[in-house]
Amino acid sequence: MSSPPARPAEGPSRESPAEGERTSSLEAHALVRAFGPIRAVDGVSFELLPGELLTVFGPNGAGKSTLLNLLAGALQPSEGEIRMGGRLRSHGEVEWRQQVGILSHQTFLYGHLTAEENLRFYGRLFGVDQIEDRIHERLSAVEMDHRKDDLVRTFSRGMRQRLSLARALLHDPAIVLLDEPYTGLDVHAAALLRDLLSSLKDGRRTVVLVTHDLTQGLDLADRVAIQVRGRFEFFGSSVELPSGPPDAFYRSVVEGVLGGAGGAP
Amino acid sequence: MIRYVQQVEALVRKDLLLELRTWDRLSAMGAFAVLVAVLFHYAVDRTLIHPRELAAGLIWLTIVFGGILGLGRTFALEEEDGAIQGILTSPVPKDAVFLAKVTGNFVLLGLLVLLILFVFGLFFQVGLGGNPFALFGVLSLGVLGFTALGTLYSGVTVRSRMGETLLPVLVFPLLVPMVVFGVRGTSLLFAGVSGAEVEGSLRILGSFSLVALLAGAFLFRFVVED
C-alpha cells in the first residue's frame, strides 16, 4: 500500500503575542537535528494552537525522542526554528525552559532523596511560588502523598513515573512534553495518568505526547503525527484520520517509507 | 540575580545532602588521604631527611590525588536516571550549574584538606606554622583552582568509557602552576615566615583560581550541551 501524503503544517505565525498573554502555542519550522551524517529529525514543521494535544507515533529510531529534546531545549537544532507563542527559542533559552515540563524515559529523580525533597529541589530550580503547597498538591494528584518522606530508590518503576509526572507539572508549564508516559505503569496508574492527561487539556497548555500505544495515544489527541526516519510522514487533525483500524493506517504510512520493516508502532 | 543565587544554593544543598546520604566521595577521598599519609610515613628514611622538609609537597600531592577521586565522581549521581537532563532542561543557566558544582566540590575538598592537615600533623609533626590564616589562604586558593578545573573536566569525561582514567591525564598537566606555588607557599609557612613573604604565591594562586573559574563558567555550556 502506498503511503498517504504528508500533510505539512501551515506556515507558522511570526507575530509576537500581546504583552502579558500566556505563551502556549508551539510551532516548529523546517526543524532538523543531525548527529553526524544521520538526520534524526529531518525537516519537521508543525503548529499547535493553545490547548491542543499532539500525539507523535513512529517506529523505534524514528527521531521522536530527539524531537522532544529539541522542543524541551535540551538539544540545539542543526537547522530550522522553534517558537513558543511566536517567540524564537534561541531568543531566550532560560525563559523557554521555564515554560516547558518534560516527562522522559528517565525520571530525572535522585534515588537518595525523598519524593518531597526531589520536588522541592526542582521547585527551587523553577522558582515555584508557595512551593510546599504546590508539592502537596502535585503529590496528591499522583497519589504519592503517603510516600512523600520515602527515598525514591525504594519506589517501583510505576511510582517513580508518577512522581516524575508530578515533577514535570510542578511549575505549571505551558508546554508539556511526554515521552512514553505509560511505560511501566500498572492498570490503575495508567488510568490515573490518563485522567491527569485529560486534566491538562484545560485550554491553557499545549501537550506533545510520544507513544507506541495507538489506543492511548489517539484517545486524547487533537492532532496526530507519524514520524518515520526523522520526517513527519503524516500530520493532521485526529478527525482527518481515515476510517478503519488505526493500526492499519499506521502500518501503511510506515511501510510506505520503510518497506515491510515498519512493524508495530 | 537573587533567582540565580537561589538556584545555585538549591544545587549546592542537593549535592551536599546526597553526599551526606551516600558518603560516596568523602569516604573514598578520606580513606585515600589516610593511607597515603601512612605510606609516606614509612617510605621516608628519617635518618636521611627530616619529614617536615617534605611535608608541604606530600600534602599537596595527597590533595591532588585524593581530590581527583572525588572530582571524578562529580556527575556520577547526576547520570543516575538522567538527573542531569532534569537540571539542563530547567531554567538554570549553565554557568550557575558549574558554579554550584564547584562550590559543592570545594566544600568536600575543604574537608579533605582539614583531614590531610590533621593526619600529616600526626605523622610528620607539622602544625599550622606561624601564620595559619596565610596557610589557609594558600590552601584555599590552590584548592579552588584545582576544583574549578577538576569539575570542568569531570563534565568532559563523565560519559567517556575511560572517564576516570582520562580525568587525571587531562587535569594534572594544568595543575603544575598551582602545585609549584602551593608547595612553595606552604613550605615557607611551615618554616615560620610571615604572611607577607608568601604574598607572591597568594597572588599567583588567586589569579590561577580566578582564570579557572571564569574559563570553567564560560566553557561548561559546551561541555554539557550535545
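Residues numbered from 1 in each chain as written. Chains lettered and ligands numbered in written order. Predicted model: local features only at pLDDT ≥ 70, side-chain atom pairs only at ≥ 80, totals over all residues.

Outline the overall build of chain A, supporting the account with residue identities and numerical values.
Counting secondary structure elements, chain A contains eight helices and 10 strands. The buried share of chain A, taken over its 265 residues, is 46%. Long-range pairs, those at least 24 residues apart, make up 72% of the contacts in chain A with a sequence separation of at least 6. (Helix = DSSP H or I, 4+ residues; strand = E, 2+ residues; numbered from the N terminus. Buried ≥ 20, exposed ≤ 12 C-beta atoms within 10 Å, placed from the backbone. Contact = placed C-beta atoms within 7 Å.)

Explain helix 5 (residues 157-169) of chain A residue by residue, including any values.
All names here are of chain A. In a regular helix each residue adds 1.5 Å, so 13 residues correspond to 18 Å; helix 5 covers 19 Å between its end C-alpha atoms and thus fits that length. By the criterion of burial, helix 5 is predominantly enclosed, with 11 of the 13 residues buried. Buried within helix 5 we find M159, R160, Q161, R162, L163, S164, L165, A166, R167, A168 and L169. Buried-residue contacts for helix 5 involve strand 6 (100-103), helix 3 (115-125), helix 4 (131-141), strand 7 (175-179) and helix 6 (187-200). (Expected span 1.5 Å × (residues − 1).)

Quick one: what's the story with the sheet that holds strand 6 of chain A, residue by residue and with numbers?
By definition, the strands of a sheet pair up through backbone hydrogen bonds, in either a parallel or an antiparallel sense. Residues and elements named next belong to chain A. The strand order 6-7-8-3-9-10 describes an open sheet built from six strands, whose pairing is mixed. Among the strands making up the open sheet, the edge pair consists of strand 6 and strand 10 (231-237). In this sheet, adjacent strand axes meet at a mean angle of 15° when their direction is disregarded. Bridge count between strand 7 and strand 8 (residues 206-210): five bridges; the pairing is parallel. Counted as the bridge partner of L178 is L209 from strand 8. Relative to the sheet, helix 5 contacts strand 6 and strand 7, its axis offset from that of strand 6 by approximately 170°. (Pairing = 2+ DSSP bridges. Axes fitted to C-alpha atoms, helices over the stretch in contact; angles between N-to-C directions.)

Give me the lowdown on the interface of chain B and chain A, citing residues and values where you can.
Each partner contributes to the interface: chain B provides 25 residues, whereas chain A provides 25 residues. Of all elements in the fold, only helix 1 (2-22) and helix 5 (83-88) of chain B reach the threshold of two or more residues within the side of chain B that touches chain A. A per-element tally of the side of chain B that touches chain A places helix 1 of chain B first, with nine residues. Of the residues assigned to the side of chain B that touches chain A, the class counts are 10 nonpolar, eight polar and seven charged. (Nonpolar A, V, L, I, M, F, W, Y, C, P; charged D, E, K, R; others polar.)

Interpretation note: all reported values are geometric properties and have no functional meaning in isolation.
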